[in-house]
Amino acid sequence: MSFIRLIVCVAGVYAMFLVWAIAQERLSVPFDSIDGTPPSKFKSALFLGTCQSILCSIAAFFYIIARRPSGESLSQSLGLTPSSIPQTNGIKSNGNAIHKPLPSSQFSPAPLLLQYLQCSTYITLAAPFGFAALNFISYPAMVLGKSCKLVPVLLMNVLIYRRKFAPYKYGVVSLVTAGITMFMFFGDEASKKGKHGKSTKASDEKPPYAELIGMTYLLINLALDGLVNSTQDEIFSHANKALQGTKPPSGAQMMFWINVFCTFLSCLLGGLPLPYIPVLHPSSGGTTELGSGIAFARTHPSIISPLFQFAVTGALGQIFIFETLSHFGSLTLVTITLTRKLFTMLLSVVLYNHKLNRGQWAGAAVVFSGISLEAWIKRRDVHAKRVLQEKEKAKIKSL
């Protein structure tokens, strides 16, 4: 049964996020208009974020309801009121562990909700920079860069939360950084050579320093992602200390509340008639982002299909990720997501005919080798801990 569940989880993650990646890249290219105007690109990242966060909130809510233990209230399932865990400190009644819930008067969800809001703020600001980067760099470069979340996560944990890491992690970061540098350097060399060859279409021409602009946007996106991941780590690491005797927040609860706050923030920013703000609010003339997104969909109906695919598969993909995490652990999930990103990059090259030279392939190989090294060391350490635990259990039994 567990093997079948693993197959379903792997297939779900692959299917959802491969389709999600194809839809995301499709959303970054021009769409034909029905009013006779030239094809134009969709620029409202806030509109995309709103669509996805709404569906992610709904998916997380139903996931929580489906996995809710019997007798648990809705407010407990959502983490608004304390939910007790078994206390096994020698006090038992009829062989069953006594539950000692934290008194409601001592429990307040406000600090946790504020941390969720903090994560949502980073995500809402990060998404437009990631989407804008696609105007200047190729999707394979984007996938490769997004595969390097370890770099900003490590930096943010070291700089903000003053945490220390094993020496091998710094080696992995060095490999990933070197691989990204190789990929972008050889890509820039290829573009320079192309200028002396055949002429390109006007629609394919990019502004000067396009690669630099795209990588700057991507670095901002990754830095904000690093803040999100480090804050999430902080939430989980301090949950047991702050919520003694109660269940710590689950991944599904975090997914629900973060996406609820993302929906609120993106609707707030997208619904205000703000002036032109590069990346964050590309609409001008006092037009709202939500209004311009709806107007674009009316005049460019071909965007509806990839937009629907992007939102739905993103929401369902997160459910498969949490299911994999809860049943098989983070190491299995890391392996799945690592190979998924590799196949995403290959699929993008095939479907959208991206041209990568040998230097770029070598850079990609260096990046994935660094990430694979981290996964292998983690798996080895976990296996060593399990062996040690089994030996200790055997010694106790022999006594």
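Residues numbered from 1 in each chain as written. Predicted model: local features only at pLDDT ≥ 70, side-chain atom pairs only at ≥ 80, totals over all residues. Heavy atoms only, no water.

Trainee: Let's hear about the overall build of the chain: which residues, and what values?
Mentor: Broken down by element type, the chain carries twelve helices and two strands. When the helices and strands of the chain are listed from N to C terminus, the series reads α-α-α-β-β-α-α-α-α-α-α-α-α-α. Counted over contacts in the chain with a minimum sequence separation of 6, partners at least 24 positions apart contribute 77%. Surface exposure of the chain reaches about 21700 Å², of which carbon and sulfur atoms provide 66%. (Helix = DSSP H or I, 4+ residues; strand = E, 2+ residues; numbered from the N terminus. Contact = heavy atoms within 4.5 Å. Areas by Shrake-Rupley, 256 points an atom, 1.4 Å probe, with all protein chains shown as cover.)

Trainee: Which residues make up a nonpolar patch on the surface, and what values go with them?
Mentor: Among the surface-exposed residues, Phe 3, Ile 4, Ile 7 and Val 8 lie close enough to one another that they form a single nonpolar patch of about 410 Å² accessible area. Considering the arrangement of structural elements, one finds Ile 4 in helix H1 (residues 2-26). Given the relative accessible area of 52%, Ile 4 is considered exposed. (Patch = residues over 30% accessible without salt bridge, like charges linked within 9 Å, V, L, I, M, F, W, Y side chains within 5 Å. Salt bridge = Lys/Arg side-chain N within 4 Å of Asp/Glu carboxyl O. Buried < 20%, exposed > 50% of the residue type's maximum accessible area, 1.4 Å probe, protein only.)

Trainee: Let's hear about the environment of Tyr 116: which residues, and what values?
Mentor: Within the secondary structure layout, Tyr 116 lies in helix H4 (residues 110-133). By relative accessible area, Tyr 116 is classed as buried at 2%. For the pair Tyr 116 and Phe 256, spaced 140 residues apart in sequence, the C-alpha to C-alpha distance is 9.6 Å. Here Tyr 116 is in contact with Ile 235, Pro 249, Met 254, Trp 257, Ile 258 and Phe 261, once residues within four sequence places are set aside.

Trainee: Explain the nonpolar core to me, using residue names and the numbers behind them.
Mentor: Counting residues in each nonpolar core, the largest one holds 51 residues, and the members touching the most others are Leu 27, Phe 42, Leu 144 and Met 345. Setting aside chain neighbours within four positions, we find Leu 144 in contact with Ile 180, Phe 183, Met 345, Ala 364, Val 367 and Phe 368. Ranked by size, the runner-up nonpolar core spans 21 residues in total, among them Tyr 116, Trp 257, Phe 261 and Ile 319. (Core = buried A, V, L, I, M, F, W, Y, C linked by side-chain atoms within 4.5 Å.)

Trainee: Give a description of the side chain of Thr 124 that names residues and reports values.
Mentor: Looking at the secondary structure, you find Thr 124 in helix H4. Among the polar contacts listed, one links the side chain of Thr 124 to the backbone oxygen of Ser 120, at a separation of 2.8 Å. Not counting the four nearest positions on each side in its chain, Thr 124 is found in contact with Leu 46, Cys 262, Leu 265, Ser 266 and Leu 269. (Polar contact = N/O pair within 3.5 Å; in protein donor to acceptor, adjacent residues only side chain to side chain.)

Trainee: Please set out the environment of Cys 9 residue by residue, giving values where relevant.
Mentor: With respect to the element layout, Cys 9 can be found in helix H1. Residue Cys 9 is classed as buried on the basis of its relative accessible area of 2%. Sequence spacing of Cys 9 and His 327 is 318 residues, and the spatial spacing of their C-alpha atoms is 9.7 Å. Contacts of Cys 9, omitting those with residues within four sequence positions, involve Phe 320, Glu 323, Thr 324 and Phe 328.

Trainee: Can you tell me about the packing of aromatic side chains, naming the residues and giving the values?
Mentor: Any pair of aromatic rings gets described here by the distance separating the centres and the angle formed by the planes. All chains considered together, the criterion is met by eleven aromatic pairs. Aromatic pair Phe 31 and Phe 296: ring centres 6.3 Å apart, planes at 85°, arrangement edge-to-face. Separated by 265 residues along the polypeptide, Phe 31 in the loop between H1 and helix H2 (45-66) and Phe 296 in helix H10 (residues 289-299) bring together distant segments of the chain. Taken together, the ring pairs connect Phe 61, Phe 62, Phe 256, Trp 257 and Phe 261 into an aromatic cluster. (Phe/Tyr/Trp six-rings, centres within 6.5 Å; stacked < 30°, edge-to-face > 60°.)

Trainee: Let's hear about the confidence of the model for the chain: which residues, and what values?
Mentor: Averaged over all residues, the pLDDT of the chain is 79; the fraction at 70 or higher stands at 80%. Predicted confidence for residues 87-99 stays below pLDDT 50, and this span has 15 contacts to residues more than four positions away or in other chains. Low confidence marks residues 194-203, where pLDDT is under 50. Its contacts with residues over four positions away, or in another chain, come to one contact. (pLDDT = per-residue confidence, 0-100.)

Trainee: Please set out the pattern of salt bridges residue by residue, giving values where relevant.
Mentor: Within the structure shown, the criterion is met by one salt bridge. A salt bridge links Arg 67 to Glu 323; the nearest nitrogen and oxygen atoms lie 3.4 Å apart. With Arg 67 in the loop between H2 and helix H3 (74-77) and Glu 323 in helix H11 (residues 304-351), the pair connects residues that are 256 residues apart, well separated along the chain. When its relative accessible area of 42% is taken as the criterion, Arg 67 is described as partly exposed. Looking at Glu 323, the relative accessible area reads 16%, which means it is buried.

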